Number of protein chains: 2
Amino acid sequence: SVNPDLASERQTASFCVEKLTALLDGGAEQTRMRRAVVEAIQSDPVFSRENQYFQSQNERYEAAVRKAVHLQKKMHEMGWTENGPEYKYIYRALSGDVAFLLHRVFMRSISVLGSDKQIAKWIPLATQLRLIGSYAQTELGHGTYLQGLETTAVFDIATQEFILNTPKISAMKWWPGDMGRSATHTVVFAQLYIHGKCYGIHPFIVQIRSLQDHSLCPGITAGDIGPKMNFEAIDNGYLLLKNVRIPRENMLSKFCEVRPDGTYVRQGSQKINYFTMTTVRISLISDEVLIPLMKACTIAIRYSVVRRQSKLKPGEQEAKILDYQTQQEKLLPQLAAAYAFHFTNDYLQELFGRGYREIQRKNFDMLPELHALSSGFKAVITHHCTAAVEICLRACGGHGYSLLSGLPSLYTKILASCIYEGENTILLLQTARFLMKCFMAASAGQPVPPSVTYLAAVKPGKCPAKNKSDFLSPDIYTEAYQHVAVRLISSTAAKLQDLIQSGAKKYDTWNQCTVQLVQAAKAHCHYIAVKNFAETVEKLETKAGIQRIMKHLCDLFALHGIFSNTGAFLHDGYISAAQMDMVTASYLDLLAVIRKDAIPLVDAFDFTDESLNSALGSYDGQVYQRLYEWAQKSPTNKMSPAYERYLKPLLHNTLSKL
Amino acid sequence: SVNPDLASERQTASFCVEKLTALLDGGAEQTRMRRAVVEAIQSDPVFSRENQYFQSQNERYEAAVRKAVHLQKKMHEMGWTENGPEYKYIYRALSGDVAFLLHRVFMRSISVLGSDKQIAKWIPLATQLRLIGSYAQTELGHGTYLQGLETTAVFDIATQEFILNTPKISAMKWWPGDMGRSATHTVVFAQLYIHGKCYGIHPFIVQIRSLQDHSLCPGITAGDIGPKMNFEAIDNGYLLLKNVRIPRENMLSKFCEVRPDGTYVRQGSQKINYFTMTTVRISLISDEVLIPLMKACTIAIRYSVVRRQSKLKPGEQEAKILDYQTQQEKLLPQLAAAYAFHFTNDYLQELFGRGYREIQRKNFDMLPELHALSSGFKAVITHHCTAAVEICLRACGGHGYSLLSGLPSLYTKILASCIYEGENTILLLQTARFLMKCFMAASAGQPVPPSVTYLAAVKPGKCPAKNKSDFLSPDIYTEAYQHVAVRLISSTAAKLQDLIQSGAKKYDTWNQCTVQLVQAAKAHCHYIAVKNFAETVEKLETKAGIQRIMKHLCDLFALHGIFSNTGAFLHDGYISAAQMDMVTASYLDLLAVIRKDAIPLVDAFDFTDESLNSALGSYDGQVYQRLYEWAQKSPTNKMSPAYERYLKPLLHNTLSKL
């Protein structure tokens, strides 16, 4: 039975939840397929996450391996393939709690970087899990800056082998998933040396564990790097190489080859390969960032209509906490952001699809723009969504702090997305570098890529809004965001210019502007996100009910961004103080409007109770019952040796009953 | 041997580290005493935290009980007492990793709320740990709003007993520390009923477990609430009461008593008791909030001079990451905040000491101000420091994400401080209510408490700064903060007034203004923190070297606050756009200045390696070596059954060596 406080929220939905779900999925047929996959996975007890919050890192790892091996059978049984339409829903249905994710990266590396012969040898074995691969790039002392990697691969002509070494402790490979305990092989990135000359970083297939008994191969030291904030299921590993010899054929050689005589040959263009790396940043947004935020919103918002606290009106019962303006102001902007970035992701997917087709036609013109957008949006979306999940967690008070709420795990997992696949600050500076170039080009009247043409069409002037309802006009707020982006980009470009003209060294200049460059890159991405949301809403004209609520969310997303960052808009007077008061009024009004549809808006994300795995967020809202039931299963409710050892000697001298 | 990249940072300190440490401790004698306590605790193997990051919740609990029992002996052996000067350093030296903290709250409750007879009966037993107490206030469905508690205590004249019940699942006691597994007794807060009439919430001593065999007493259901984000060592518990009978003498009766005939008698003033509760919010700031932030700063800043990444200048070696402006902008404002709030804490301690003396003289005039300050600063400092620790964690990239860095535990622990002892938003609204009253009073020419007299002396006008160095004048920025606080308080008061005059209900009005009321309360606290830091620096005139660096930190704290919140200062033009550019320039300049003393500034916090318990933050900076050594000890480096069960069957068919 559904908690009546939650049930009543569903009766007054202003739109059809099922239609919104289909919109999010990309069509009713996708919804049907997603549900079928989720049902097949979640009804299989091997994939259960029931006791996850009680398990040790060792237990989580073992379960993840079991699931990975079982998944292979399951896919065969269900007729799912890695290239099939269902595939993208499988990982989501498992909530990422499965081993051999890096094994898949191992396979992709070979497919992309390997010769046809290498692909023919390794891929079938890997597909059948007859070996387990990993991907060893990051080192203990080296991350983003690949040129700094210290692992070496020296070509020995005499034996036709590469000799691999991690010459210092900082050169040790560190972090690769599946490597700590599972992998038999890995792709090692190392500085290639031939005849004493360094040719830079190249990929090599290295066997690290015996296929007979899983013991470490000669010259290999490897293990697990130990506990992390999350990813207990993953055996992130370390790897030391001491004079490890591999055959010449193990260097992945689609683009570069070392001939038997030691001649180094480069072949073909790696540009499509760089493009592939860029797309990884986009591909993680959906499953690793948006889904966790949508789950966190579902949990926190459902809890906020079930939890009652204090009285809003004298004489009435305690109020639902979602009826407090402060609670709305915490949660509803996060809900709006989840929708906003869902549509940003659609935009990026579409753009990258187009980019891929262009690149296959050997047109590489879009690459710089795609690189800038993928870097910037990876940073902005992961940062924004991580902060949003944290807000959801805190908004649930003490119960949010219990692992049983599901929120701590969502937070500790999404947090990692700010670090992996490019640390966010470094990525934003990549975007900023692109923006500086484009701004210079636009100023000089040269053509620039589509996403930055607005830099060429700078209009001076002020925001024309006259009353608070004007700020519900997408034109008004989109223009404001554009204005701020232009101002921050142009003023930072001017500062760079000034410093250089005053005689500073170029590298010093750049470093002295990086705080502002980061701000400029964020403003650019924020503008595009707002503009894209507004355009998406406009296209929903055939879906009136949905268009109305999406319009409210779009307005909220935009006004929340202004309200939280007023200085950027006030700085040059584009928005006046009186107008900013209108923004605030409109923003606060919107909270009360969207609050009415808050539950239908999270219901539309369509998470099953199994996938939320939260005592606070289930569809029926039976929060207290579930917290109590789950707590009783905790291993901390078994007798502790602490009683016999430490407490009994103290207590048994006390009077038997006071 | 100290990593040379770290060692070189210590050679150029602009001040004497030992003198700054003494200043932070409150004198060289305090430093000596603190070090002696730390040494005694950390040299005792029972108190070791060595394998903490590898332990399960059960293991952590057992270790915490062992430490608590051992601590009793240790204190006796060392001649330390609970009222002695060393006591405050003991908990800090243990990093809070010890059981029976709620047992101490149990004792304090009896001391404060119990009659002399009750104190004489219970306190000696509790002191000797011949019973273990807890404190059961919060319920599954009820937190901050005490009137909403549902547990009942019905007086039965016939038997002279109270009958206690938790009538619904939401009435179950939930969260009390030491209750899940250890406690034999607890203080239960329940609605008192006599002859069917409710007299509100009262405290009752209830035995929950047998002193013979630790089994639950009749009518009691209790256990552990399971895993949380942190506090693994603490057995937070749940408690159901079903017709549990306790003697009339077990109601704590210093202020209220039930006579044998059922007469209810109130006696004495509870005001000093309310004051005690208020001081708890202040008392947590030092150990639970500032120390974790100082540890996080120490870890992140030491790591940032050891870690090298990318090249700043072509041809040179990779640069220390602390030499990047973006890294400085992440970490140095957090360091400044740690110092700022350390001095805020000194200010609050002094004020509360004065308040205590006044109250003992039956002068309760200071109570509203103390309540407002303790609420507001608890919220502002916990929020700010939690965000700061998260920034430190992220600034260390992947290694910050490893539990071995120590940063995840610091973060997950400090996060709880935003929730316990009053949820932050609710506390800020308490402060705001006080500010609204004071503003009205000041506007009407009535006297107001010292911390808000500035509301009466509102000066119109603009910021007089003419160049960027003017923003290094404490008068200039303190005035700016004051101006913003006054503006936000007065504009919110005006909005409240307007809404009431337009006919809205008072409770609706309040709710519609809460987002802005929270902003006003924060601005008030921020102003006081800046003002207090500036005044503290001024008083350091006899300590020139320390005064200089503290002045820089004070400037940074103040300018960072403006830079991160420009809109508040730009809104009414108090600071112009041109002046805001000066703020930015001064702020960025300061980063480079303070960066030079960054290591001495964290060294002055004087943490031992044992208390940091971090592979990244040790005094010698041997980061990579320590990460590797620690990882090898992880239980994830033992053979997993996953190999035999799932991997071997797959792998042993593959060719023995590819």
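Cut-off values and rules
- Residues numbered from 1 in each chain as written.
- Chains lettered and ligands numbered in written order.
- Predicted model: local features only at pLDDT ≥ 70, side-chain atom pairs only at ≥ 80, totals over all residues.
- Heavy atoms only, no water.
- Helix = DSSP H or I, 4+ residues; strand = E, 2+ residues; numbered from the N terminus.
- Rg over C-alpha atoms; globule rule 2.2 N^0.38 Å.
- Buried < 20%, exposed > 50% of the residue type's maximum accessible area, 1.4 Å probe, protein only.
- Contact = heavy atoms within 4.5 Å.
- Areas by Shrake-Rupley, 256 points an atom, 1.4 Å probe, with all protein chains shown as cover.
- Lys, Arg positive; Asp, Glu negative; His and termini not counted.
- Charge placed at Lys NZ, Arg CZ, Asp CG, Glu CD.
- Pairing = 2+ DSSP bridges.
- UniProt positions renumbered as here; feature names shortened; annotations may be inferred.
- Buried area = accessible area lost by both parts, 1.4 Å probe.
- Salt bridge = Lys/Arg side-chain N within 4 Å of Asp/Glu carboxyl O.
- Polar contact = N/O pair within 3.5 Å; in protein donor to acceptor, adjacent residues only side chain to side chain.
- Axes fitted to C-alpha atoms, helices over the stretch in contact; angles between N-to-C directions.
- Parallel < 35°, antiparallel > 145°, perpendicular 65-115°, else oblique.
- Least-squares fit on C-alpha atoms with pLDDT ≥ 70 in both.
- pLDDT = per-residue confidence, 0-100.
- Core = buried A, V, L, I, M, F, W, Y, C linked by side-chain atoms within 4.5 Å.

**Q** Help me get a handle on the overall build of chain A, residues and values and all.
**A** The number of helices and strands found in chain A is 22 helices and 11 strands. Taking 658 residues into account, the globule formula puts the C-alpha radius of gyration at 26 Å, and chain A, at 28 Å, falls close to it. Its C-alpha atoms give chain A principal-axis dimensions of roughly 90 × 85 × 55 Å. Counting every position in chain A, which comprises 658 residues, the buried fraction comes to 62%. Expressed as a percentage of contacts within chain A between residues at least 6 apart in sequence, the contacts between residues at least 24 apart total 72%. Roughly 25,100 Å² of accessible area belongs to chain A as shown, and the carbon and sulfur atoms make up 54% of that amount. Charge-centre separation for chain A: the mean point of 71 positive side chains lies 3 Å from the mean point of 61 negative side chains.

**Q** Explain the pairing of strand E9 (residues 244-247) of chain B to me, using residue names and the numbers behind them.
**A** All names here are of chain B. Covered by surrounding structure in E9 are Val244 and Ile246 only, the residues Arg245 and Pro247 on the alternate face being uncovered. Here strand E3 (residues 161-165) pairs with E9 via 4 bridges, running antiparallel. In the strand pairing of E9, Phe162 is matched with Ile246.

**Q** I'd love a proper account of the UniProt feature "domain: Acyl-CoA oxidase C-alpha1" (unreviewed entry) in chain A, names of residues and values included.
**A** What UniProt calls "domain: Acyl-CoA oxidase C-alpha1" (unreviewed entry) maps, in this numbering, to residues 274-436 of chain A. Within residues 274-436 of chain A, the helical portion is 77% and the strand portion 0%, while the C-alpha atoms at the span's ends are 22 Å from each other.

**Q** Lay out the interface of chain B and chain A in plain terms, naming residues and giving numbers.
**A** Contact with chain B, which involves 139 residues of that partner, is made by 139 residues of chain A. Carbon and sulfur atoms supply 62% of the area that chain B and chain A bury against each other, a total of about 11,400 Å² over both sides. Across the chain B-chain A interface, the total number found is 4 salt bridges. With its nearest N and O atoms 2.2 Å apart, the salt bridge here joins Arg645(A) to Glu62(B). Remark: the boundary between chain B and chain A carries 46 residue pairs in polar contact (both at pLDDT 80 or more). Ranked by the residues each element gives to the side of chain B that touches chain A, the list is headed by helix H23 (residues 641-651) of chain B, at 8 residues.

**Q** Quick rundown of the sheet that holds strand E7 (residues 220-224) of chain A? Include the residues and the values.
**A** Residues and elements named next belong to chain A. Within the open sheet, the 3 strands sit side by side as E4-E8-E7. Their pairing is antiparallel. With partners counted over all chains shown, the strands left at the sheet margins are strand E4 (173-174) and E7, one partner each. Judged from the 5 bridges that link them, E7 and strand E8 (residues 237-241) form a sheet pairing that is antiparallel. Across the sheet, residue Thr221 finds its bridge partner in E8, namely Leu240.

**Q** Just give me the short version of the packing of helix H2 (residues 17-25) of chain B against helix H3 (residues 28-42) of chain B, but keep the residues and values in it.
**A** All names here are of chain B. Where H2 contacts H3, the two axes come as close as 7 Å, and the packing angle between them is 90°. In terms of orientation, H2 lies roughly perpendicular with respect to H3. Across the interface between the two elements, Glu18, Thr21, Ala22 and Asp25 from H2 touch Ala28, Gln30, Thr31, Arg34 and Arg35 from H3.

**Q** Could you give an account of unusual backbone geometry, with specific residues and numbers?
**A** With phi around 50°, Ser95(A) is a residue other than glycine that occupies positive phi space. One can find Ser95(A) in the loop between helix H5 (87-93) and helix H6 (101-113).

**Q** Report on the pattern of salt bridges, specifying residues and quantitative values.
**A** As enumerated under the stated definition, the model contains 66 salt bridges over all chains in all. Glu535(A) is the partner of Lys531(A) in a salt bridge, and the nearest nitrogen-oxygen pair spans 4.0 Å. One end of the pair, Lys531(A), and the other, Glu535(A), are both in helix H15 (residues 506-538), 4 residues apart, so they sit about a helical turn from each other. Exposure remark for Lys531(A): the relative accessible area of 33% places this residue in the partly exposed category. Residues Arg92(B) and Asp287(B) are paired through a salt bridge, measuring 3.3 Å at the closest nitrogen-oxygen approach. You can see Arg92(B) sitting in helix H5 (residues 87-93) and its partner Asp287(B) sitting in helix H8 (residues 271-306), a full 195 residues away along the chain. By sharing partners, the salt bridges in this structure join Glu18(A), Asp25(A), Arg34(A), Arg35(A) and Asp606(A) into a single network.

**Q** Please set out the relation of the copies chain B and chain A residue by residue, giving values where relevant.
**A** Mapping between the two copies of the chain is achieved by a rotation about an axis and a shift along the axis. Laying chain B over chain A is done by rotating through 180° and shifting 0.0 Å along the axis; what remains is an RMSD of 0.0 Å. In short, the pair behaves as if placed about a two-fold rotation axis. Nearest to the rotation axis, the C-alpha of Gly567(B) is located 1.7 Å from it, this being the minimum over chain B. The residues that chain B uses at the interface reappear at the interface of chain A in 100% of cases, marking a shared surface.

**Q** Summarise the confidence of the model for chain A; cite the residues concerned and give the values.
**A** In low-pLDDT segments, the atomic positions of the prediction should not be examined closely. With 99% of its residues at a pLDDT of at least 70, chain A reaches an overall mean of 96. At the level of chain-chain contacts, confidence expressed as ipTM amounts to 0.97, with global pTM at 0.98.

**Q** Residue-level account of the nonpolar core, with values.
**A** Counting 328 residues, the largest nonpolar core has Tyr339(A), Met550(A), Tyr339(B) and Met550(B) as its most contacted members. In this structure, Tyr339(B) is in contact with Leu20(B), Leu24(B), Phe533(B), Met550(B), Leu553(B), Leu601(B), Ala604(B) and Phe605(B), ignoring residues within four places of it in sequence. By size, the runner-up hydrophobic cluster in this structure holds 74 residues, among which are Val69(B), Ala136(B), Ala153(B) and Ala233(B).

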